[in-house]
Amino acid sequence: MRLHIVARGKIGRSPEAELVDRYVKRIGWDVKISELPDQGGKSPKLQQGVTKIIAMDEAGENWTSKEFSDLLSAWRDDGAREARFLIGAADGLSAEERASADHFFSFGKATWPHMMARAMLAEQLFRATSIIAGHPYHREG
């Protein structure tokens, strides 16, 4: 299953970009990152019925890393070809983006800069795929 981060804003050369790259390179699954302008732009085409969408939102569910990995594992096992993660710009996600989401995921009640959220998501994707693979990176407890 492909893990696809669709993020608003250009990350450019930054410490956050280095973190994203570091974790993405460690993920053993197919990973794609698409950047859109802060507003507008055309989202990458969806494959109907085989793409699951998680919108990153401060009001979303606050899953543990294990719960997150269980969701990805179940989607993969049920035949999903893509798990798409939407990260909005400073003004958040559009109404259309929000309406497309199967789930909303939060890194807590605090508001995070969208570039930092991208790095945190990359780490959580690495952690989730490590849990699924039985790798000892994640230590629960």
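From a predicted model like this one, the values you see are computed outputs, not experimental measurements.

**Topic: the overall build of the chain**
Part 1 of the reasoning: Per the secondary structure count, the chain includes four helices and five strands.
Part 2 of the reasoning: Along the chain direction, N to C, the helices and strands of the chain fall in the order β-α-β-β-α-β-α-β-α.
Part 3 of the reasoning: Against the 2.2 N^0.38 benchmark of 14 Å for 141 residues, the chain shows a C-alpha radius of gyration of 14 Å, consistent with a compact globule.
Part 4 of the reasoning: Principal axes of the C-alpha set define a box for the chain whose edges measure 40 × 35 × 25 Å.
Part 5 of the reasoning: Looking at the chain residue by residue over its 141 residues, the buried ones come to 45%.

**Re the environment of Gly-49**
Part 1 of the reasoning: Mapped onto the elements, Gly-49 comes out in the loop between strand 2 (31–36) and strand 3 (51–61).
Part 2 of the reasoning: Judged by its relative accessible area of 76%, Gly-49 falls in the exposed class.

**Some details on the nonpolar core**
Part 1 of the reasoning: Core analysis: the largest hydrophobic core is formed by 30 residues, its most contacted members being Ile-54, Phe-68, Leu-72, Phe-85, Leu-121 and Leu-125.
Part 2 of the reasoning: For this core, the element with the highest residue contribution is helix 4 (residues 114–133), accounting for eight residues.
Part 3 of the reasoning: What Leu-125 contacts, discounting residues up to four positions off in sequence, is Leu-3, Ile-5, Ile-27, Phe-68, Leu-72 and Phe-85.

Each value, and the rule that gives it
Residues numbered from 1 in each chain as written. Predicted model: local features only at pLDDT ≥ 70, side-chain atom pairs only at ≥ 80, totals over all residues. Heavy atoms only, no water. Helix = DSSP H or I, 4+ residues; strand = E, 2+ residues; numbered from the N terminus. Rg over C-alpha atoms; globule rule 2.2 N^0.38 Å. Buried < 20%, exposed > 50% of the residue type's maximum accessible area, 1.4 Å probe, protein only. Core = buried A, V, L, I, M, F, W, Y, C linked by side-chain atoms within 4.5 Å. Contact = heavy atoms within 4.5 Å.

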